[in-house]
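Here is what each chain is made of, one letter per residue.
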Amino acid sequence: MGLETDEKVVNYIRKMVAQARSVVAVLGIEMLVEGGGYDLDTNEETYRVEELYGYTPEDMLSTSFFNAKVERFFRFYKNEILTMEVNATPAYDALLKLQAQGKLSAVICQNFHGIPHGIRFHKTIELNGNINSNKCPHCNKLFDLNYMKNAAGIPLCDNCKKTAVRPNIRLLGERVNAKLMTEAANVCEAADVLLIMGKDMYNDRLEYNTDPSRSQLKILFSREQQLSERKVDFVIHDEIQLFLPAIV
Ligand SMILES: [Zn+2]
């Protein structure tokens, strides 16, 4: 399978990964899309969703919307977010290979769909929560994904009856968990190679290593042709699931 990236760059990155002691992968929306999900942040999707629900995904995935229009929130959430099937791709196999070599220090997941079923990493930091985890804000009872999917209309806590169960995902307008963010920043800082696998729907600025005395190779995977504002060594436009297996 031919890569768009120049062979010299591919070889250089392969060499750097082979020499690395610590690799950290930051999973973003492209990993979700390659696994069969879709990016709600594109113009097309935003338009489609707004036509259907009267609001944009960004409007609806917010705390204020959840609090004010919970019925509509769940109509969107159950139809669009919970029906999205995200599967493993060869990119995950490549990460598992790095893990088996003892190089993969951590996987930082920004998507709230989490790591696909059947894939196990030793250390995963889920910065923005996970749709599999749901909690009643009143009595703290926990609920699984099926409970949310199968509920007719708003998923209500079966203990409190009237309270809507809240997905343990970070909604827009909420701060990222400070402890998790610090943990993520620390593992990123210590990495020799940082694989930034797609964009982040929250547009957070996860701080990567900026210590000039330490060298770190930063590789951003992005299908978008525009240049990233982030300071990275390489921007790779190939699919992650094609590129990553070629370098590990
Ligand atoms: Zn409850």
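Residues numbered from 1 in each chain as written. Predicted model: local features only at pLDDT ≥ 70, side-chain atom pairs only at ≥ 80, totals over all residues.

Engineer: Hey, could you run me through the domain arrangement of the protein chain in this one?
Structural biologist: Quoted interface sizes are often the accessible area lost when the parts come together. By domain assignment, the protein chain separates into domain 1 (7-36 + 86-128 + 175-247), domain 2 (39-83) and domain 3 (131-169). In this structure, domain 2 and domain 3 have C-alpha centres spaced 18 Å apart. Counting residues at the interface gives six residues for domain 2, matched by seven residues for domain 3. Within the side of domain 2 that touches domain 3, the residues separate by chemical class into four nonpolar, no polar and two charged. (Domains from an automatic or database assignment. Contact = placed C-beta atoms within 7 Å. Nonpolar A, V, L, I, M, F, W, Y, C, P; charged D, E, K, R; others polar.)

Engineer: Even after reading the chapter, I still don't get the sheet that holds strand S8 (residues 217-221), so can you show me in this structure?
Structural biologist: Strand pairs in the sheet, formed through backbone hydrogen bonds, run parallel or antiparallel to each other. Sheet architecture is open: six strands sit in the order S3-S2-S1-S7-S8-S9, paired in parallel fashion. Strand pairing shows two members of the sheet lacking a second neighbour, strand S3 (124-126) and strand S9 (234-236), which therefore form its edges. This sheet shows a mean twist of 15° between the axes of neighbouring strands, independent of strand direction. Across five bridges, strand S1 (residues 23-27) lies against strand S7 (residues 193-197) in parallel orientation. If you follow Ala25 over to S7, its bridge partner there is Leu195. Lying on the sheet, helix H9 (residues 178-190) is in contact with S1, strand S2 (104-109), S3 and S7; it crosses S2 at an angle near 140°. (Pairing = 2+ DSSP bridges. Helix = DSSP H or I, 4+ residues; strand = E, 2+ residues; numbered from the N terminus. Axes fitted to C-alpha atoms, helices over the stretch in contact; angles between N-to-C directions.)

Engineer: What is the right way to look at the nonpolar core in this model?
Structural biologist: In globular proteins that are soluble, nonpolar side chains generally tend to be buried together. Residues Val23, Val24, Ala25, Ile108, Leu195 and Met197 are the most contacted members of the largest nonpolar core, which totals 42 residues. Among the nonpolar cores identified, the runner-up in size contains twelve residues, and Phe73, Phe74, Phe76 and Ile169 belong to it. (Core = buried A, V, L, I, M, F, W, Y, C linked by C-beta atoms within 7 Å. Buried ≥ 20, exposed ≤ 12 C-beta atoms within 10 Å, placed from the backbone.)

Engineer: Which parts of the structure should I look at to understand the sheet that holds strand S5 (residues 142-143)?
Structural biologist: The strand order across the open sheet formed by three strands is S5-S4-S6, and the pairing between neighbours is antiparallel. Edge positions in the open sheet fall to S5 and strand S6 (166-169), since each of these has one partner strand only. The sheet contact formed by strand S4 (residues 129-135) and S5 spans two bridges and is antiparallel. Directly across from Lys135, in S5, lies its bridge partner Leu142.

Engineer: Even after reading the chapter, I still don't get the packing of helix H7 (residues 90-100) against helix H10 (residues 240-247), so can you show me in this structure?
Structural biologist: Two quantities define a packed helix pair, namely the angle between the helix axes and the distance between the axes. Contact geometry of H7 with H10 gives a least axis separation of 7 Å together with a crossing angle of 25°. With respect to each other, H7 and H10 are oriented roughly parallel. As H7 runs across H10, the sense of the crossing is left-handed. Contacts between H7 and H10 involve Pro90, Ala91, Asp93 and Ala94 on the former and, on the latter, Ile240, Gln241, Leu244 and Pro245. Within the contact of H7 with H10, the residues separate by chemical class into six nonpolar, one polar and one charged. (Parallel < 35°, antiparallel > 145°, perpendicular 65-115°, else oblique. Left-handed = near helix turned anticlockwise from the far one by under 90°.)

Engineer: Looking at this model, I keep getting lost on the environment of Asn150. Mind explaining?
Structural biologist: Along the polypeptide, Asn150 turns up in helix H8 (residues 145-150). Separated by 72 residues in the primary sequence, Asn150 and Lys78 place their C-alpha atoms 9.3 Å from one another.

Engineer: I'm lost on H10 in this one. Help?
Structural biologist: In an α-helix, one turn spans 3.6 residues, which is why side chains three or four residues apart end up on the same side. If you check which residues of H10 are buried, you get Ile240, Gln241, Phe243, Leu244 and Ile247. Along the axis of H10, the buried positions cluster into a sector of 165°, meaning they face one direction only. On its buried face, H10 is in contact with helix H1 (7-19), helix H2 (29-34), H7, S7, S8 and S9. (Arc of directions from axis to C-beta.)

Engineer: Any chance you could explain unusual backbone geometry here in plain terms?
Structural biologist: Residues other than glycine predominantly adopt negative phi, and peptide bonds predominantly adopt the trans conformation. The residue Asn140 is not glycine, and still its phi comes out positive at about 70°. By the element assignment, Asn140 lies in the loop between S4 and S5. The phi dihedral of Lys161 falls on the positive side, at around 70°, and the residue is not glycine. The topology assignment puts Lys161 in the loop between H8 and S6. With 8 C-beta atoms counted inside 10 Å, the residue Lys161 sits in the exposed group.

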